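Commentary on secondary and tertiary structure
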Amino acid sequence: MSQITEMRLGVTLPAFGPDAQPEGITKVSRTAEETGYDSLWTGDRVLAPVAPSTPYPGRGGVMPGVYENHLDPLVALTFAAAHTSRIRLGTSTLNGLWQPPVMLARSLTTLDLVSHGRLDVGLGLGWMPEEYRAVGVPWKGRGARLDETLDVLEGYWSGGSFAHDGPLFSVPETRVGLRPQQRPGPPVLLAAFTPRGFARIGRRLDGWLPGAMPLTDLVSMWSAIVKEAEKAERDPACLRMALRVNPELTDTRADPEQVPRRGTLQQYVDYARAAAEKGVHELFVDFGQTPVTLDERIELAGRFLTGVRAG
């Protein structure tokens, strides 16, 4: 098997914008499974502020208008799970700090159970202080809040009874009968781009959720995560990388230096194939930020899959 055929391919659900409807989720999820995609992914938004205090990380700093209409990511994945049987279901990313961790543990465990063990939990810390303000969670101290959230998730998934008494959260000793199908729990990946985030992945998580970038930078960051895993005496081979690509499609071939920020569909196919050769384990693409109809989005996903798998 070549690295290209070994790399898993995914596509995002229409959880944002005008196609964020039950019919859109059903059509995309079923088509993706039937055509051979390996995974479906959703993102997480609670606000689309008129004047955000922090620029959007991409697209010239302007948040895409599709985010003004956003579905709950776990509800959307649950709906997709009910209309599929094989394809995996991932969050890219779920902001794991916007709800109490014991509630998060219950929701994730339920989704893993009803999907028969198909959940990948991709967590992120977000980029917009306004969203934290809206849900009543402090913007400062996000790293410490994430670590304690992970502690609660691990305790909840450990089986039997558990208790937690930390600086931020307290869970009295309780018996947990709800168990995920995946043991000890669904894989947890993190979107991170700092040395502290890389250390967290290497020390205790199952993988990394980067966004599309020049492959030299991607490989360098992955090497840093591998070193952190080795430092923590963990086997780096147990970690995986799932690369998110948000295409800005052009009609004519873009300057190679602009890829993967923008380019033709063929240039994104070439980028995906090159990523596979560099050892990327999974790559998923979001055509939802491209101004196309739902049918055109599905057609693009089909052409992308065929192009990457060809040869």
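Quick caveat: nothing in here was measured; it's all calculated off a predicted structure. (Residues numbered from 1 in each chain as written. Predicted model: local features only at pLDDT ≥ 70, side-chain atom pairs only at ≥ 80, totals over all residues. Heavy atoms only, no water.)

**Details of the overall build of the protein chain**
The helix and strand tally for the protein chain stands at 10 helices and 11 strands. Long-range pairs, those at least 24 residues apart, make up 70% of the contacts in the protein chain with a sequence separation of at least 6. When the accessible area of the protein chain is evaluated, it comes to approximately 14,200 Å², of which 53% is carbon and sulfur surface. In the protein chain, the 33 positive side-chain charges and the 36 negative ones have mean positions that sit 2 Å from each other. (Helix = DSSP H or I, 4+ residues; strand = E, 2+ residues; numbered from the N terminus. Contact = heavy atoms within 4.5 Å. Areas by Shrake-Rupley, 256 points an atom, 1.4 Å probe, with all protein chains shown as cover. Lys, Arg positive; Asp, Glu negative; His and termini not counted. Charge placed at Lys NZ, Arg CZ, Asp CG, Glu CD.)

**As for the pairing of strand S7 (residues 170-176)**
Relative to S7, strand S6 (residues 160-165) is paired through 5 bridges, and the arrangement is antiparallel. By the bridge assignment for S7, Asp 165 is matched with Ser 170. A loop of 4 residues connects S6 with S7, the two strands running antiparallel in sequence. (Pairing = 2+ DSSP bridges.)

**What about unusual backbone geometry?**
Note on backbone geometry: most residues besides glycine have negative phi, and most peptide bonds are trans. The step from Ser 92 to Thr 93 runs through a cis peptide bond, and the omega angle for that step is -10°. Structurally, Thr 93 can be placed in the loop between strand S3 (88-91) and strand S4 (94-95). Despite not being glycine, His 116 has its phi angle at roughly 60°, a positive value. Secondary-structure assignment places His 116 in the loop between helix H4 (101-114) and strand S5 (119-124). At Glu 233, a residue that is not glycine, the phi angle is positive and equals roughly 60°.

**A word on helix H2 (residues 22-35)**
Since the α-helix turns once every 3.6 residues, residues separated by three or four places project in the same direction. Between its terminal C-alpha atoms H2 stretches 20 Å, which fits the 20 Å expected from 14 residues at 1.5 Å a residue. Turning to H2, the residues buried within the fold contact strand S1 (8-12), strand S2 (39-42), helix H3 (73-82) and helix H10 (294-309). Taken from the residues just after H2, Gly 36 is the one with a positive phi, measuring 110°. (Expected span 1.5 Å × (residues − 1).)

**Describing the environment of Arg 309**
Among the secondary structure elements, Arg 309 is positioned in helix H10. The class of Arg 309 is partly exposed, set by a relative accessible area of 25%. When the C-alpha atoms of Arg 309 and Ala 272 are compared, they prove to be 9.8 Å apart, with 37 residues separating the residues in sequence. Among all residues touching Arg 309, those that are not within four sequence positions of it are Ile 4, Thr 5, Met 7, Arg 8, Leu 9, Asp 38 and Arg 273. Of note is the side chain of Arg 309, whose polar atom sits 2.8 Å from the backbone oxygen of Met 7. (Buried < 20%, exposed > 50% of the residue type's maximum accessible area, 1.4 Å probe, protein only. Polar contact = N/O pair within 3.5 Å; in protein donor to acceptor, adjacent residues only side chain to side chain.)

**Some remarks on the nonpolar core**
Ranked by size, the top nonpolar core spans 75 residues in total, and within it Tyr 37, Leu 40, Leu 108, Leu 283 and Phe 304 carry the most contacts. Once residues lying within four places of it in the same chain are set aside, the contact partners of Leu 40 are Val 11, Leu 13, Val 28, Ser 29, Ala 32, Leu 77, Ala 80, Ile 87, Arg 88, Leu 89 and Gly 90. Within the second largest apolar cluster, 7 residues are counted, among which are Ala 15, Tyr 56, Tyr 67 and Met 128. (Core = buried A, V, L, I, M, F, W, Y, C linked by side-chain atoms within 4.5 Å.)

**Some remarks on the pattern of salt bridges**
Scanning all chains against the criterion turns up 17 salt bridges. Close ionic contact of Asp 286 with Arg 297 constitutes a salt bridge, the shortest N to O distance being 3.9 Å. With a gap of 11 residues between them, Asp 286 in the loop between strand S11 (282-285) and H10 and Arg 297 in helix H10 connect regions that are remote in the sequence. Across the pair, exposure class does not vary: Asp 286 and Arg 297 are buried alike. (Salt bridge = Lys/Arg side-chain N within 4 Å of Asp/Glu carboxyl O.)

**Describing the packing of H4 against helix H6 (residues 142-156)**
Taken N-terminus to C-terminus, the directions of H4 and H6 make an angle of 50°; their axes are 9 Å apart at the nearest point. When the axes of H4 and H6 are compared, the pair comes out oblique. The handedness of the crossing between H4 and H6 is right-handed. Residue-level contacts link Pro 101, Val 102, Leu 104, Ala 105, Arg 106, Leu 108 and Thr 109 of H4 to Thr 149, Val 152, Leu 153 and Tyr 156 of H6. (Axes fitted to C-alpha atoms, helices over the stretch in contact; angles between N-to-C directions. Parallel < 35°, antiparallel > 145°, perpendicular 65-115°, else oblique. Left-handed = near helix turned anticlockwise from the far one by under 90°.)

**Section: helix H8 (residues 215-231)**
Over its 17 residues, H8 runs 24 Å from end to end, which matches the ideal 24 Å to within 8%, given 1.5 Å per residue. Every buried residue of H8 is accounted for by Leu 215, Leu 218, Trp 222, Ile 225, Val 226 and Ala 229. The arc that holds the buried residues of H8, viewed along the axis, is 105°, so those residues lie on one side. In H8, the exposed positions that point more than 90 degrees away from the buried face belong to Thr 216, Lys 227 and Lys 231. Along its buried surface, H8 packs onto helix H7 (195-204), strand S9 (207-208), strand S10 (240-245) and helix H9 (265-277). Remark: Glu 233 follows H8 within two positions and exhibits a positive phi of approximately 60°. (Arc of directions from axis to C-beta.)

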